[in-house]
Amino acid sequence: MPASVAPASSGYRSSSASLPPVTSPTASKGQPVWHQSLEDGWNASRKTGLPMVIFITSENCVYCQAMEQRTWCNDSIAGQLVGRFIPIHLKKGRNDKVLSRIQLKMYPTTLLATPEGKVVQHRDGFQPPENVLSFLNQRIGGRPPSR
């Protein structure tokens, strides 16, 4: 498990992704705002004090696509993310520089990290909505995520 996800000073960025990209600093209509770079998401996490949910995918990964369509689009999951977490979507090919510093066993990988950049939980592989709900409700740094 990666101990830290602290980004390097420069980031590789792209606006293309299957999850909704960042369009404003706040979520609208109860939908989470997905950051497309670790640097941007980590800055938002430090600014708000909210933990990060980092979803790491690869091109042509059927399990990654299934999780995007089945898990992250689930209304219960979206409701848990909004106002409680800073969601970040990192993708091989778009975020290679930062991903080269994270030891991954497989795609997709989901990390839960503190605003300080410390990874406190991780899940490898496809996770159905019920697993992600449990994952998001775990304690972070000895305290439950605030609402």
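Keep in mind it's a predicted model, so treat the numbers as computed, not measured. Per chain, residue numbering runs from 1 following the sequence as it is written. With pLDDT at 70 or above as the cut-off, local features in this predicted model cover only qualifying residues; side-chain atom pairs require 80 or more to be listed or tallied, and sums for whole chains, interfaces and linings still use all residues. Side-chain numbers come from the whole structure's heavy atoms, not from hydrogens or water.

Asker: So what's going on with the overall build of the protein? Residues and values would help.
Answerer: The way it works is that DSSP assigns letters per residue, a run of H or I at least four long becomes a helix, a run of E at least two long becomes a strand, and they are numbered from the N terminus. Within the protein one finds 5 helices and 4 strands. Reading the protein from its N end, one meets helices and strands in the order α-β-α-α-β-α-β-β-α. A sequence separation of at least 24 residues applies to 72% of the contacts in the protein between residues at least 6 apart. Every accessible area reported is derived by Shrake-Rupley at a probe size of 1.4 Å, with residue values counting cover from the shown protein chains alone. Put simply, the protein shows about 7500 Å² of open surface, and 50% of that area lies on carbon and sulfur atoms. Contacts are residue-level and defined by heavy atoms, with any inter-residue pair within 4.5 Å sufficient.

Asker: How would you explain the pattern of salt bridges if you had to name every residue and give the values?
Answerer: By salt bridge we mean one thing: a side-chain nitrogen of Lys or Arg within 4 Å of a carboxyl oxygen of Asp or Glu. Under the counting rule described, the total for this entry stands at 1 salt bridge. Taking the shortest distance from any N to any O, the salt bridge between Glu 59 and Lys 91 comes out at 3.6 Å. A residue pair is termed long-range when its members are at least 10 positions apart, and Glu 59 in the loop between β1 (52-57) and α2 (62-71) and Lys 91 in strand β2 (residues 86-91) qualify at 32 residues.

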